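# Summary of structural features
The chain contents come next:
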Amino acid sequence: MVYFTSIPYRWLLLPLLLLSCALATRGLDLDGLRGDEVLSIGHAGGLGADPLSPFDIWNNVSTRSPGHVPGYFILLGAWGNLVGWAPPALRILSLFIGLLTVSITYRLGADTISPRVGFYAAVILCSSVFLIHYMHEIRQYTLVAFLTALEVWIYYYVITKPKAGALAWTTLALTTTGLLYTHYFAAAIVGVIALYHLFVVKKDRQWWRVVIIFALAGVLFLPWITTLIRGVTHATGREEIITGALRIRRIVPFLTYLFGNGAPLLLAGVGLAALPSLRKPTRGMTYIWFTTLGLFIVLVAANEILRLVTPSRLRYFIGLWPLGAIIIALGFNWLSSWRVFTFALLIIWVLVGTFYSINPDAVLRRMGVRPFPALNILQEELTDRAQVGDLVVGFTPREMHGDKYINTVDYYLQPLGLRSYFPDIGGRDLTPAMTEDIEQTIMDQPDLWVAYMFDTEAPPIEALKAILAEGYIYCETVTDRPDLVLEYYVHSESSCSP
């Protein structure tokens, strides 16, 4: 891009990182925690009085959640012990890792193809709605994206640099092992690179070093194999996941929509422009195409067998994001002879990504990603109003009902000394048994706070109000938001006035 020929592309990376940081930072304290985030905190030891050792965290995950691997939670435990366990502080870890993902993607594109391609890839990734979303969530998915990009880059580095030093080889060993211990689907890129290494790379001394490192990583993963088997058996036995799992004919449109920030036609147009790079590909281009397509095929094949990826679990494919960004960057690179046109497309891409990162409903909610619960708002509203021992009753999305450590509602309300009753209503209709349970729970409570959380369906508000009308007086609506309604009631023998 001639507009910046006098400025090194690595310096142009700085405003891109600032953009990603700004988009992700606004959500650090804006959004309430999801149930899965509370689970992450529990695994890492943030819900107990004393910090946990890595061995304790290992046992926590193995016992309570065999569908996960402990690497991220050990890292989160160290981070929480360093900065504290407040949600915004914990989310900063994902933010930092996301920024590293953008940076290493630039380096990967620059070293395998050209600095311009690396820059274009960073532009694409820094405004990705999907990546920005997980840059402020206490989950392992930005780490999956980062380690995937780092693995692809460091492997290419060691096989193309005969004098690669001990630091490079150590990085390859740690990254490969880290992928295995971060997420089961993250291990797919190791298999793809192993195939590339077996069929494409010259069998010399460097080749054998890589084989030894990959074998060592496999040996280091052996202690977790029995847990892996338990986790896969449990996950594939859940009927609600199997019936909702996406097949390949639906995964491709979903991924296209997500990766294109809700503009699939723009993505398709630029993606087609990347195809000419296959005519006379360089070694680096061949490598990027192989790893990208290979990773996609392996992930789709794994899902076809295991039937695990529902629309809300497309995050399992997030390792494709850095590699996909480089493929799309090849399209921008081919179009760069039309300078004004290419510059305009890049601006449009960034503006669309920025808009939907600030207003994610049109993209993420359409793909099945649930909104963040407004429990932080509920906590703020009750802090100065409710008294210790007050009861808060209501309904939340089903994912808030944790059974491994603490449910998400109690995570926010217990520090205030409040009691909560948020039944899992499942089908959204109150059964006679649920009605009786609610009546017994609220019986003779002097003050009652009623909270409704909304996700994709409306909770049975009228049914609860009918129960309350028998013994309580409505006083006021404290909060009335699209995602949260908080009302205050007092017993019929009392009055609303202080």
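These remarks concern the structure in this document. Every chain is numbered independently, its residues counted from 1 as its sequence is written. Since the coordinates come from a predicted model, pLDDT governs what is reported: local features require at least 70, and pairs of side-chain atoms require 80 or more to be given and counted, while whole-chain, interface and lining totals use all residues. Hydrogens are left out, water is left out, and the side-chain values use all remaining heavy atoms of the structure.

## Quick word on the environment of L125
As a reminder, the rule being used: Helical segments are the DSSP runs of H or I of at least four residues, strand segments are the runs of E of at least two, and each set is numbered from the N terminus. A 1.4 Å probe rolled over the protein chains alone gives each residue an accessible area, and that area as a share of the maximum for its type sets the label: buried under 20%, exposed over 50%, partly exposed in between. Residues count as neighbours in contact if any of their non-hydrogen atoms are within 4.5 Å of one another.
Residue placement: L125 occurs in helix α6 (residues 115-126). The class for L125 is buried, based on a relative accessible area of 1%. Distance from L125 to G353, taken between C-alpha atoms, is 9.4 Å for residues 228 residues apart in sequence. When residues no more than four places from it in sequence are discounted, the contact partners of L125 are T101, V102, T105, L131, W321, P322 and A325.

## What to know about the packing of helix α5 (residues 87-112) against helix α17 (residues 320-335)
Defined as follows: Whenever a helix is involved, its axis is fitted only over the stretch in contact; in every case the axis is a line through C-alpha atoms, and angles between N-to-C directions fall within 0 to 180 degrees. An angle below 35 degrees is read as roughly parallel, one above 145 as roughly antiparallel, one from 65 to 115 as roughly perpendicular, and any other as oblique. Left-handed is the label given to a crossing in which the near helix is rotated counterclockwise from the far helix by less than a right angle, and right-handed is the label when the rotation is clockwise.
Two elements in contact, α5 and α17, have axes whose closest approach is 10 Å; the angle formed by their N-to-C orientations is 45°. Taken together, the axis directions place α5 and α17 in an arrangement best described as oblique. As α5 runs across α17, the sense of the crossing is right-handed. Touching T101, T105, L108 and G109 of α5 are P322, L323 and I326, all from α17.

## Describing the side chain of R139
Put simply, the rule is: Counted as a polar contact is a pair of N or O atoms within 3.5 Å, where, for protein atoms, one must be capable of donating a hydrogen and the other of accepting one, and residues adjacent in sequence contribute only when both atoms are in side chains.
Topologically, R139 is positioned in the loop between α7 (129-134) and α8 (141-160). For R139, a relative accessible area of 2% translates into the label buried. A distance of 3.4 Å separates the side chain of R139 from the backbone oxygen of D36, its partner in a polar contact.

## Re the packing of aromatic side chains
Note the following rule: Working definition: a ring pair exists when centres of Phe, Tyr or Trp rings (six-membered ring for Trp) sit within 6.5 Å. Plane angles under 30 degrees give stacked, over 60 give edge-to-face, the rest tilted.
Tallying each qualifying case throughout the model produces 27 aromatic pairs. Measuring from centroid to centroid gives 5.0 Å for W58 and W224, while their planes differ by 90°, and the two rings are edge-to-face. With W58 in helix α3 (residues 54-64) and W224 in the loop between α11 (205-221) and α12 (225-236), this pair connects stretches of sequence that are 166 residues apart. Given a relative accessible area of 0%, W224 falls into the buried group. Centroid distance Y181 to F221: 5.1 Å. Interplanar angle 65°. Geometry classified as edge-to-face. Note that Y181 is positioned in the loop between α9 (166-180) and α10 (188-199) and F221 in helix α11, a separation of 40 residues in sequence. Overall, Y181 belongs to the buried group, its relative accessible area being 11%. Here the aromatic cluster, defined as three or more aromatic residues joined through ring pairs, consists of F130, Y134, Y141, F185, F259, Y316 and W321.

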